Amino acid sequence: MALVVRSVAQLAGISLSLLGWVLSCLTNYLPHWKNLNLDLNEMENWTMGLWQVCVVQEEGGTQCKDFESFLALPAELRISRILMFLSNGLGLLGLLASGFGLDCLRVGETRPGLKKGLLILGGTVFWAAGVATLVPVSWVAHVTVQEFWDETMPEIVPRWEFGEALFLGWSAGFSLLLGGCLLNCVACVTQAVPAPGPYAVVETQCHRQHLEMKKARLKV
């Protein structure tokens, strides 16, 4: 029963982390971090991401243009690019480490200490990836709120609002944090149980032979 619970918790943790990593990659490249609705032209909407700005028109479709200069971007967008790249890389590293640490995978089943270390490493890396996702998303959201309520700007000037990618990024960050926390808890609280296989059978047979030889010596 303990093995089943442990395996289910491991699969739940890595599934949440995988979901968070996929959402984080989508958040990085979607041009919907900010939305701008023009009151003077309701048929035209503007969206902005980390890499490009797009104009959505009901009749002409969507037209996007990449940012030409990295240094010309606002500070929050420059740092967000770096942190989102870091989050995507850490998420991939966490998937590799925690994947090899799963009990259902027979790689390294004779070394439970190594598999436990891989699970802890994967969970910790997922934590770092979650933080690296939440920081830029929350920063851009904070700047957007400040600019929206800026009293120095005339009321006639359109204001940027939250885009769908921000909510996607928050979901990604919390999924990575929760998945990493679950993997770390499983690795630290429960004891690693070797997966059933030929190595486990051989080890059991050797243990039985050792007990039989010990009993025979005692009888003599």
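What counts, and where the lines are drawn
- Residues numbered from 1 in each chain as written.
- Predicted model: local features only at pLDDT ≥ 70, side-chain atom pairs only at ≥ 80, totals over all residues.
- Heavy atoms only, no water.
- UniProt positions renumbered as here; feature names shortened; annotations may be inferred.
- Helix = DSSP H or I, 4+ residues; strand = E, 2+ residues; numbered from the N terminus.
- Core = buried A, V, L, I, M, F, W, Y, C linked by side-chain atoms within 4.5 Å.
- Buried < 20%, exposed > 50% of the residue type's maximum accessible area, 1.4 Å probe, protein only.
- Contact = heavy atoms within 4.5 Å.

Looking at an unreviewed UniProt entry, one finds the protein named Claudin, with Felis catus as its source organism. Quoted straight from UniProt, the Function (unreviewed entry) entry for the protein says "Claudins function as major constituents of the tight junction complexes that regulate the permeability of epithelia." Under the heading Sequence similarities (unreviewed entry), UniProt records this for the protein: "Belongs to the claudin family."

### Observations concerning the UniProt feature "transmembrane region" (unreviewed entry) in the protein
Residues given the UniProt feature "transmembrane region" (unreviewed entry) here are residues 82–105, 117–145 and 165–189. In residues 82–105, helix accounts for 79% and strand for 0%; the two terminal C-alpha atoms are 34 Å from one another. Helix makes up 100% of residues 165–189 and strand 0%, and the two end C-alpha atoms of the span are 36 Å apart.

### Let's talk about the nonpolar core
Core analysis: the largest hydrophobic core is formed by 13 residues, its most contacted members being Trp33, Leu50, Leu77, Val140 and Leu166. Sorting the residues of this core by element identifies helix H2 (75–100), helix H3 (112–148) and helix H4 (164–189) as the ones contributing at least two each. The residues contacting valine 140, other than those within four sequence positions of it, are Trp33, Lys34, Glu76, Leu77, Ser80 and Leu166. Leu119, Val125, Leu176 and Leu183 belong to the second largest nonpolar core, which has 11 residues in total.

### Things to note about the side chain of serine 80
As for its position among the elements, serine 80 is in helix H2. If we ignore the near neighbours within four places in the chain, the residues touching serine 80 are Leu50, Pro136 and Val140.

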